[in-house]
Amino acid sequence: MIKSMTGFGRCTVEADNRVITIEVKSVNHRYLETSFRMPRIIGFIEEPMRSCIQGRISRGHADIYVSYKNFRSDSKIVNIDKTLLGAYLNAAREAAVEFGLRDDLALSSSLRLPDVTSITEGEEDTEAVTKLAVSAFNGALDGLIEMRRREGERLHSDFIACIERIEAIHAEIENREPQVVVEYRNKLKERLDNLLGDVKISEDRLAVEVAVFADRASIHEEIVRIVSHIREIRELLTSDGPVGRKLDFLVQELNREFNTIGSKANDSTISANVIDAKAEIEKLREQIQNIE
């Protein structure tokens, strides 16, 4: 069954006081394109995540958002600038002696002095975080693919409806084709009778003129090719793989066949049928833009 290129998936995984949430949103794109947004400290998970998406999604632009929390005791490192703290203390003692002040500078207040302390992120466990990220990403991709599948079902229904209308128009053209030559012969004979009066035109000559018209206006090959294209489209619509590009090509071929019919048939009824068919083909083109 065909899939849409539009979808969304989200998954949160928690283990060993680490929590990671990944969201994936995809939209139409000619090829597979990915964009990652994540904290720099876990940037090492990007390549494993790229490996995960390969083979699961073939087309579309995917935005991947990663949020990460580490609640472990070793996730933060407190740094004390002892050199700076010593300078503060020496300066405080000198001021106490010079101005006769009591030295009441305690440890807790010393650590609150500007730039004495700083907190940095602890080094992450690459293997543990990567395992967590891959698990969350696969879960988010599951949700994304399921949404793309459901949207694909809706597109499939719309696509089939358009194809059925095109088939009905095709049947009208096929039924109309033999009548075009008959009507041309009758109109030609009537016109010649009016022009020539009592002079009789050779039936052989009339037959030659009608044969030339029939050959020039023949749309039989186009009618046959349309049947073939529609059969291939129906087969692709039941395929599990990515078929958007193939469908796009076949719909272009359908449009080409109907254009040729419109230019060759030389019949107002068929011309109206062609306009109706091209309107349905345009709907197919719009739908194909969202098929993987």
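In the block above lies the structure referred to throughout.
This one's a predicted model, so the numbers in the text were calculated from it and none came from an experiment.

Observations concerning the sheet that holds strand 3 (residues 32-37)
- In space, the four strands of this open sheet follow the order 1-2-4-3, with mixed pairing throughout. Looking at strand neighbours, the two that pair on one side only are strand 1 (7-15) and strand 3, the edges of this open sheet. The sheet shows a mean angle of 15° between the axes of neighbouring strands, taken without regard to direction.
- By the bridge criterion, ten bridges tie strand 2 (residues 18-27) to strand 4 (residues 60-70) in an arrangement that is antiparallel. In the sheet register, Lys-25 faces strand 4, and the bridge partner there is Asp-63.
- Lying over the sheet, helix 1 (residues 46-53) contacts strand 2, strand 3 and strand 4, oriented at roughly 150° with respect to strand 3.

Points about the pattern of salt bridges
- For the coordinates displayed, the defined rule picks out 23 salt bridges.
- One salt bridge connects Arg-50 with Glu-46, and the closest N-O pair in it is separated by 2.8 Å. Remark: Glu-46 and Arg-50 occur in helix 1; sequence separation between them is four residues, near one turn of the helix.
- Classification of Arg-50 by relative accessible area gives partly exposed; the value is 28%.
- In this structure, Arg-149 engages Glu-153 in a salt bridge whose closest nitrogen and oxygen atoms are separated by 2.4 Å.

As for the pairing of strand 2
- Taking burial as the measure, the ten residues of strand 2 include seven buried ones, the bulk of the element.
- Bridge analysis of strand 1 against strand 2 gives nine bridges, and the strand direction is antiparallel. Note that in strand 2 the partner of Val-13 across the bridge is Ile-20.
- Counting the residues that bridge the hairpin from strand 1 to strand 2 gives two residues, and of these Asp-16 lies at a positive phi of roughly 55°.

Section: the nonpolar core
- Residues Phe-159, Ile-173, Ile-233, Leu-247, Phe-258 and Ile-261 are the most contacted members of the largest nonpolar core, which totals 32 residues.
- Taken together, the elements giving at least two residues each to this core come down to helix 4 (126-196), helix 6 (220-237), helix 7 (244-264) and helix 8 (268-288).
- Filtering out sequence-adjacent residues up to four positions away, Ile-261 remains in contact with Ile-173, Ile-219, Glu-222, Ile-223, Ile-226, Ile-270 and Val-274.
- If you look at the next biggest cluster of nonpolar residues, it comprises 25 residues, including Ile-42, Ala-62, Val-66 and Leu-144.

A look at helix 7
- Helix length check: helix 7 (21 residues) gives 30 Å between terminal C-alpha atoms against 30 Å at 1.5 Å per residue, within 8%.
- Residues Gly-244, Leu-247, Leu-250, Val-251, Glu-253, Leu-254, Asn-255, Glu-257, Phe-258 and Ile-261 constitute the buried set of helix 7.
- The first or second residue beyond helix 7 is Asn-266, which carries a positive phi of 55°.

Some details on the packing of helix 7 against helix 8
- Helix 8 packs onto helix 7 with a crossing angle of 165° between their chain directions and a minimal axis gap of 10 Å. It follows from the interaxial angle that helix 7 and helix 8 lie roughly antiparallel. Like other packed secondary-structure pairs, helix 7 and helix 8 cross with a definite hand, here left-handed. Contact residues: Gly-244, Leu-247, Asp-248, Val-251, Gln-252, Leu-254, Asn-255, Phe-258, Asn-259, Ile-261 and Gly-262 in helix 7; Ile-270, Ser-271, Val-274, Ala-277, Lys-278, Ile-281, Leu-284, Arg-285 and Ile-288 in helix 8.

Comments concerning the environment of Leu-284
- Assignment of secondary structure puts Leu-284 in helix 8.
- Look at Leu-284 and you get buried, because its relative accessible area is 0%.
- Expressed as a C-alpha distance, the spacing of Leu-284 and Asp-158, which sit 126 residues apart in the sequence, is 8.5 Å.
- Excluding anything up to four places from it in sequence, Leu-284 contacts Phe-159, Cys-162, Ile-163, Ile-166 and Val-251.

Observations regarding the packing of helix 6 against helix 7
- For the pair helix 6 and helix 7, interaxial distance at closest approach is 10 Å and the crossing angle is 160°. Here helix 6 is positioned roughly antiparallel relative to helix 7, judged by the angle of their axes. The handedness of the crossing between helix 6 and helix 7 comes out as left-handed. Residue-level inspection shows Glu-222, Ile-223, Arg-225, Ile-226, His-229, Ile-230, Glu-232, Ile-233, Leu-236 and Leu-237 of helix 6 in contact with helix 7, the latter providing Lys-246, Leu-247, Leu-250, Val-251, Glu-253, Leu-254, Glu-257, Phe-258, Thr-260, Ile-261 and Lys-264.

Notes on the layout of surface pockets
- Counted as a void, the largest pocket has a volume near 180 Å³.
- Per-element tally for the lining of the largest pocket: the top contributor is helix 7, with three residues.
- Here the residues of the lining of the largest pocket are counted per class, giving three nonpolar, four polar and four charged.

Looking at helix 2 (residues 82-99)
- Across its 18 residues, helix 2 extends 25 Å between first and last C-alpha, which sits within 8% of the 26 Å expected from 1.5 Å per residue.
- Looking at the residues trailing helix 2, positive phi occurs at Gly-100, about 65°.

Definitions and limits used
- Residues numbered from 1 in each chain as written.
- Predicted model: local features only at pLDDT ≥ 70, side-chain atom pairs only at ≥ 80, totals over all residues.
- Heavy atoms only, no water.
- Pairing = 2+ DSSP bridges.
- Helix = DSSP H or I, 4+ residues; strand = E, 2+ residues; numbered from the N terminus.
- Axes fitted to C-alpha atoms, helices over the stretch in contact; angles between N-to-C directions.
- Contact = heavy atoms within 4.5 Å.
- Salt bridge = Lys/Arg side-chain N within 4 Å of Asp/Glu carboxyl O.
- Buried < 20%, exposed > 50% of the residue type's maximum accessible area, 1.4 Å probe, protein only.
- Core = buried A, V, L, I, M, F, W, Y, C linked by side-chain atoms within 4.5 Å.
- Expected span 1.5 Å × (residues − 1).
- Parallel < 35°, antiparallel > 145°, perpendicular 65-115°, else oblique.
- Left-handed = near helix turned anticlockwise from the far one by under 90°.
- 1 Å grid on protein atoms, 1.4 Å probe; cavity = no way out; pocket = protein on both sides within 12 Å on 5 of 7 lines; lining within 4 Å.
- Points joined across faces, edges and corners; volume = space filled by probe spheres on them.
- Nonpolar A, V, L, I, M, F, W, Y, C, P; charged D, E, K, R; others polar.

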